[in-house]
Amino acid sequence: YQQAKYFLNSGKKVLFSGTPCQISGLKAFLRNTNQDNLLTVEVIYEGVPSPLYIRKYEQSLKKKFGALIESIDYRYKGHSFLGHHKWDFEIMRTTVMMNDNKKKVIEKDRWFNPFWYIWLKHLMSRPSYYECLFTTTERTADISLGDLWGVHIYCPELYGKNGGPSLAIANTEKGKSVLKKAEGSMYGHELRFEDALRYQGPMRKHIEMNPKREQFMQDLKSEMDIEDINRKWADKPLLKL
């Protein structure tokens, strides 16, 4: 926030991207600072998982490989070790730095990844996201970016092309001007806001707490290792998958 304020006071242009609450915090921090050169872009998302799950996951990797996690990419954009195109599957990619300075890469497809099954059931989201005040149609940012849910219905020509269709919403005149200038480098078309909103749950209401969340968190805080937690709480992939 301080850096953004410094650059704005220096007459430079600033692009700030983050979650809706982070952008709201920035606006509150800047207060009387001239924001003509500020462009804010928010991501539409449902929440953040408990870091305790990742710590347990790391403990398991340390026990197995004797090393800690270097990085985790929840939506890996490169080609997977299976040879699939980057958009064929949603890949979670974990990189572990071994003692011999070699890297161990672990890739898990979404539908074979216990993390996703537990996450989708809203069992391990942080408490604040079950009562988030920013899940409304009134947005603070100039531009909102998110996945284009319902693409197969509203934009069938974009579906199944491995292009990763996205939704871009201009909330202000500044946002509208920027998207207008970027039209030449993007492919797509306008969508009625009502249609886009239909499949954008985080823009209508906050997520509901799973009644079993407390029980899950107790297990997460217990001596259970990540394998036991996954066996207990994650669904098994369908035979078809």
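Below or above, wherever it landed, is the structure these notes cover. (Residues numbered from 1 in each chain as written. Predicted model: local features only at pLDDT ≥ 70, side-chain atom pairs only at ≥ 80, totals over all residues. Heavy atoms only, no water.)

## Quick notes on the pattern of salt bridges
- Going through the model one piece at a time under the given rule, you end up with 10 salt bridges.
- A salt bridge links Asp195 to Arg198; its shortest N-O distance comes to 3.7 Å. Here Arg198 and Asp195 lie together in helix H7 (residues 193-198), a separation of 3 residues that amounts to about one turn.
- Look at Asp195 and you get buried, because its relative accessible area is 11%.
- Connected through salt bridges with shared partners, the residues Arg192, Asp195 and Arg198 form a single ionic network. (Salt bridge = Lys/Arg side-chain N within 4 Å of Asp/Glu carboxyl O. Helix = DSSP H or I, 4+ residues; strand = E, 2+ residues; numbered from the N terminus. Buried < 20%, exposed > 50% of the residue type's maximum accessible area, 1.4 Å probe, protein only.)

## Topic: the sheet that holds strand E5 (residues 103-109)
- Overall, antiparallel pairing links the 3 strands, which are arranged E3-E4-E5 in an open sheet. Looking along the sheet, the strands with just one partner apiece sit at the ends: strand E3 (69-73) and E5. Going from strand to strand, the sheet's axes swing by 15° on average, the running direction of each strand aside.
- As paired elements, strand E4 (residues 91-97) and E5 share 7 bridges and run antiparallel to each other. (Pairing = 2+ DSSP bridges. Axes fitted to C-alpha atoms, helices over the stretch in contact; angles between N-to-C directions.)

## Things to note about empty space enclosed by the protein
- Applying the stated criterion across every chain yields a total of 2 cavities of 30 Å³ or more.
- Here the largest cavity defines a volume of roughly 130 Å³.
- As for the largest cavity, its lining consists of 15 residues, of which Tyr45, Cys132, Phe134, Thr135 and Pro202 are closest to the centre.
- In terms of residue class, the lining of the largest cavity is made up of 9 nonpolar, 3 polar and 3 charged.
- Each pocket or cavity is described by its volume, and for the second largest cavity that value is around 90 Å³.
- Along its surface, the second largest cavity is lined by Tyr53, Tyr57, Met92, Thr94, Ile106, Lys108, Asn113, Pro114, Phe115, Ile226 and Asn230.
- Those elements giving two or more residues to the lining of the second largest cavity turn out to be helix H3 (51-65), E4, E5, helix H4 (114-120) and helix H9 (226-233).
- Within the lining of the second largest cavity, the residues separate by chemical class into 7 nonpolar, 3 polar and 1 charged. (1 Å grid on protein atoms, 1.4 Å probe; cavity = no way out; pocket = protein on both sides within 12 Å on 5 of 7 lines; lining within 4 Å. Points joined across faces, edges and corners; volume = space filled by probe spheres on them. Nonpolar A, V, L, I, M, F, W, Y, C, P; charged D, E, K, R; others polar.)

## Remarks on the packing of H3 against helix H8 (residues 213-221)
- Direction vectors running N to C along H3 and H8 enclose 35°, while the axes themselves pass 10 Å from each other. In this structure, H3 meets H8 at a crossing whose hand is left-handed. Across the interface between the two elements, Leu52, Tyr53 and Lys56 from H3 touch Phe216, Asp219, Leu220 and Lys221 from H8.
- Residue composition of the contact of H3 with H8, grouped by class: 4 nonpolar, no polar and 3 charged. (Left-handed = near helix turned anticlockwise from the far one by under 90°. Contact = heavy atoms within 4.5 Å.)

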